[in-house]
Amino acid sequence: MLASVRAFAAGAVQNDDITLLALRYRPAEQPAAAPAAPVLAAPAAAPSQSAEPLNLLLQNDLAEVERLHAALGEFCAREGVPDDALGRMRLAIEEVVVNIMRYAFEGAAVRPIRVKVTRHADRLEALIEDAGKAFNPLAVAAPDLTKSLDKRRAGGLGLHLVRSMVDDVDYCRTKVMNHVTLVINLPPAPPESAGPGS
């Protein structure tokens, strides 16, 4: 194999490493088994709204992001949320929460941020609340990604990421509170198996 690579290079200087990965598929031998009588498994129940949503009270400290990640991962594993939805929601919540920590409180020492995540049958929903200055993320124009970096307006990429990660985002302001809702639609539960004679 190495001789073939050298012949292909024809003496040219190699500036990059060359990596070779070889795989061999060896199917396991399956012992012959007597046909078993059919066993009817109880159909899995479709997930419903979580009896206990995830409720977190974070401080405006970037070190809290690690606690957020851990709690969200445990909640989604318990609720049977697909990995793809977990990854997208984790990125979206982190972006919103970090923006709040950096810009909402204007130097206030300790201010809480509430995160509530609920698993519904058809969606994963996160509500993020803070008492910082009013800021509507939906009012920020999407960045023009066709422009070169030196001609592009600074900022806005994080909110663009949030919009691209979730299926729906909503914002409202009530008195002194900002409320951001993020929604990711979940795939429908697999249909129940039909029983004998149906």
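Throughout what follows, the structure given in this document is the object of discussion. Remember, it's a predicted structure, so these values are computed and weren't measured experimentally.

The rules we used
- Residue numbers here run from 1 along each chain, matching the order of that chain's written sequence.
- Note on the predicted model: pLDDT of at least 70 is required for a residue's local features to be given, and 80 or more for side-chain atom pairs to be given and counted; whole-chain, interface and lining totals, by contrast, use all residues.
- Heavy atoms throughout the structure, all of them, feed into the side-chain values; hydrogens and water do not.
- Only runs of H or I of at least four residues qualify as helices and only runs of E of at least two qualify as strands under DSSP, and these elements are numbered from the N terminus.
- With a 1.4 Å probe rolled over the protein chains alone, any residue whose accessible area is under 20% of its type maximum counts as buried; one over 50% counts as exposed, and the rest are partly exposed.
- Under the convention used here, a 1.4 Å probe and the Shrake-Rupley method define accessible areas, while residue burial counts only the protein chains that appear.
- As used here, the term nonpolar core means buried Ala, Val, Leu, Ile, Met, Phe, Trp, Tyr and Cys residues forming a set that is joined through side-chain atoms within 4.5 Å.
- The contact rule is simple, with two residues in contact once any of their heavy atoms fall within 4.5 Å.
- Each reported salt bridge corresponds to a side-chain nitrogen of Lys or Arg within 4 Å of a carboxyl oxygen of Asp or Glu.
- What makes two strands pair is DSSP finding at least two bridges between them.
- Axis angles are defined between N-to-C directions and span 0 to 180 degrees, where every axis is a line fitted to C-alpha atoms and, for a helix, only to the segment in contact.

**Structural notes on the overall build of the chain**
A tally of regular secondary structure across the chain gives four helices and five strands. Along its sequence from the N terminus, the chain presents helices and strands in the succession α-β-α-α-β-β-α-β-β. A buried classification covers 31% of the 198 residues belonging to the chain. For the chain, the computed accessible surface area is about 13900 Å², with 57% contributed by carbon and sulfur atoms.

**Topic: the nonpolar core**
Membership of the largest hydrophobic core comes to 37 residues, with the highest contact counts inside it found for Ile-93, Val-97, Val-115, Val-117, Ile-128 and Leu-182. Counting residues per element, the ones that place at least two in this core are β1 (54-59), α2 (64-78), α3 (83-104), β2 (112-119), β3 (123-130), α4 (157-165), β4 (168-174) and β5 (177-185). For this core, the leading source of residues is α3, giving 11 residues. Other than its neighbours up to four places away in sequence, Ile-93 contacts Leu-68, Leu-72, Val-115, Val-117, Ala-126, Ile-128 and Leu-182.

**What to know about the pattern of salt bridges**
In this structure the tally under the stated criterion is seven salt bridges. The salt bridge involving Arg-88 is made with Asp-167; its shortest N-O contact spans 3.4 Å. Within this pair, whereas Arg-88 is found in helix α3, its partner Asp-167 is found in the loop between α4 and β4, the two being separated by 79 residues in sequence. We note a salt bridge from Arg-123 to Asp-122, for which the minimum N-O separation is 3.0 Å.

**As for the sheet that holds β2**
Strands pair in a sheet through their backbones, by hydrogen bonds, and they do so in one of two ways: parallel or antiparallel. Taken in spatial order, the five strands line up as β1-β2-β3-β5-β4 in an open sheet, and their pairing is antiparallel. Edge positions in the sheet fall to β1 and β4, since each of these pairs with one other strand and no more. Neighbour-to-neighbour, the strand axes of this sheet turn through a mean angle of 15°, independent of strand direction. Here seven bridges tie β4 to β5, and the two strands are oriented antiparallel to one another. Bridging from a neighbouring strand, Cys-172 pairs with His-179 of β5. Against the sheet, α2 contacts β1, β2 and β3, and its axis sits at roughly 175° relative to β1.

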